[in-house]
Each structure stands twice: as structure tokens, then as C-alpha cells.
Amino acid sequence: YVVVPLRPWLIEWSLTARYPGTTDPGDGETRVGQPLPAGSIVVSDLALGAPPSANVWQFGAQRVLLELSDVFARKVPVHLFYQTRSEASHDDVRTYITCTDISDAKMGKRVLQVSFDGRLDPGINVSERELDMSHMKSGRYQVELQVGDQHGGGASVRMTTFTVK
């Protein structure tokens, strides 16, 4: 995510990213979007890794995963990294993490479900959670993350898949 300061009358924004040292406008990639509606929460893509083997960049108190994986050994804890963004603070946020077995034989069996409460500050919030996979059998799984305030507003859901060996 990139935080772009907006004015109330602004209805669109654009961002161009370029490699250092390039000046040709065609060298960049431009994204266009709209400001978030008041009270909404947006969740980034989910990143999975297994430290200490994963490359992690320490940014102040925050850790950023640089090496993604979608295959994990059962006895190694998996770290889930994600970011949330909101234009306003939320003091009553509930987060649900659910892992579902999507292997052919056990399609749809829920094998992990946790929830926790917290708060979000305005702007970008970085989160990391450790998931214990030791009780899971070898197979393909889907992890779903849902973040929303406890009053039913601003909910956002993201999913990704991974394999346990």
C-alpha cells in the first residue's frame, strides 16, 4: 500500500511507480483508484512464510515478509502477514482466521478457526500472526482472513491457498 493524502473534493487518484534512475514516462506502471468510503476497512493480499528460513525485513517495530511460500512442513509454524487500511480509527475490530482443507477427499473441512479483537489506526496497519500447522495432515488448504468492526461495518475478506507436506 501507498498512503496518498486526499482532499474531500478529490474523486480519483493515480500513482506511478518507476525504477530509480528512469525518466521515461513509459517506464512506470500507473494505478488509478478512488478514496475509501468512510468507515470501510481494506485488507491487503495475504503473505505466508516460515521464519527463520524466510527473509524478513525489519521496518522499525514492524516485520515485512520478503520471501513468500505456499508449501510448508507440518511441524514448522507458518507466519501470516497482512496489512489493513482505513481512513478512520476503529477501536472495536474483530479478526477471524479460518483454515479449510480443500484436498479432494476432505473438501471443506474446517481445521483451524481463531478470532481476536483489536483496534486499527487511520492509515496502514501491519499485522503478523503465527499459525500452528502441527495438527494438520498433508494436503491443500485455504486460509481466509476476515476483518471488520464489531458493529457490522467495514468488513473485508481475503483468501489464499497453501500446501502442508
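Here the structure is a predicted model, which is why all the values come from computation and not from measurement.

Trainee: How would you explain a positive patch on the surface if you had to name every residue and give the values?
Mentor: Residues Arg74, Lys75, Lys109 and Lys137 make up a contiguous surface patch of positive charge. Along the chain, Lys109 turns up in strand β10 (residues 109-120). The class of Lys109 is partly exposed, set by a relative accessible area of 48%.

Trainee: I'd like to hear about the sheet that holds strand β13 (residues 156-164), residue by residue, with values.
Mentor: The 5 strands are arranged β7-β13-β12-β9-β10 in an open sheet whose pairing can be described as mixed. Looking along the sheet, the strands with just one partner apiece sit at the ends: β7 (71-72) and β10.

Trainee: Any details on the nonpolar core? Residues and values, ideally.
Mentor: Ranked by internal contacts, the top residues of the largest apolar core, which has 24 residues, are Leu80, Val143, Leu145 and Phe162. Sorting the residues of this core by element identifies β3 (41-43), β8 (78-86), β9 (90-101), β10, β12 (139-149) and β13 as the ones contributing at least two each. The greatest single-element share of this core, amounting to 4 residues, is contributed by β12. When sequence neighbours within four positions are dropped, the list of residues in contact with Leu80 reads Leu46, Ala47, Leu48, Ile97, Ser127, Glu128, Arg129, Leu131 and Leu145.

Trainee: Describe the packing of aromatic side chains, and please don't skip the residues or the numbers.
Mentor: Centre-to-centre distance and the angle between the planes together describe a pair of aromatic rings. One pass over the full model with this rule turns up 2 aromatic pairs. Centre to centre, the rings of Phe72 and Phe162 are 6.2 Å apart; their planes meet at 70°, and the pair counts as edge-to-face. Of the two residues, Phe72 is situated in strand β7 and Phe162 in strand β13; the sequence distance between them amounts to 90 residues. For Phe162, a relative accessible area of 1% gives the class buried. Each member of the aromatic cluster is reached from another via a ring pair, and the members are Phe72, Tyr141 and Phe162. Positioned above the aromatic ring of Phe116, the side-chain terminus of Arg129 is 3.6 Å from the ring centre.

Trainee: Provide a residue-level description of the environment of Tyr96, including the pertinent values.
Mentor: Tracing the chain through its elements places Tyr96 in strand β9. Measuring from C-alpha to C-alpha, the distance between Tyr96 and Phe116 comes to 6.8 Å, with 20 residues separating the pair along the chain. In contact with Tyr96, other than residues within four places in its own chain, are Val114, Ser115, Glu144, Leu145 and Gln146.

Trainee: So what about the environment of Ser138? Which residues, and what values?
Mentor: Relative to the assigned elements, Ser138 resides in the loop between β11 (123-131) and β12. Residues Ser138 and Thr163, 25 residues apart in the sequence, show an inter-C-alpha distance of 7.3 Å.

Trainee: Provide a residue-level description of the environment of Val126, including the pertinent values.
Mentor: One can find Val126 in strand β11. A relative accessible area of 28% means that Val126 is categorised as partly exposed. C-alpha of Val126 to C-alpha of Arg85: the two residues are 41 residues apart in sequence and 9.0 Å apart in space.

What counts as what
- Residues numbered from 1 in each chain as written.
- Predicted model: local features only at pLDDT ≥ 70, side-chain atom pairs only at ≥ 80, totals over all residues.
- Heavy atoms only, no water.
- Patch = residues over 30% accessible without salt bridge, like charges linked within 9 Å, V, L, I, M, F, W, Y side chains within 5 Å.
- Areas by Shrake-Rupley, 256 points an atom, 1.4 Å probe, with all protein chains shown as cover.
- Salt bridge = Lys/Arg side-chain N within 4 Å of Asp/Glu carboxyl O.
- Lys, Arg positive; Asp, Glu negative; His and termini not counted.
- Charge placed at Lys NZ, Arg CZ, Asp CG, Glu CD.
- Helix = DSSP H or I, 4+ residues; strand = E, 2+ residues; numbered from the N terminus.
- Buried < 20%, exposed > 50% of the residue type's maximum accessible area, 1.4 Å probe, protein only.
- Pairing = 2+ DSSP bridges.
- Core = buried A, V, L, I, M, F, W, Y, C linked by side-chain atoms within 4.5 Å.
- Contact = heavy atoms within 4.5 Å.
- Phe/Tyr/Trp six-rings, centres within 6.5 Å; stacked < 30°, edge-to-face > 60°.
- Lys NZ or Arg CZ within 6 Å of the ring centre and 35° of its normal.

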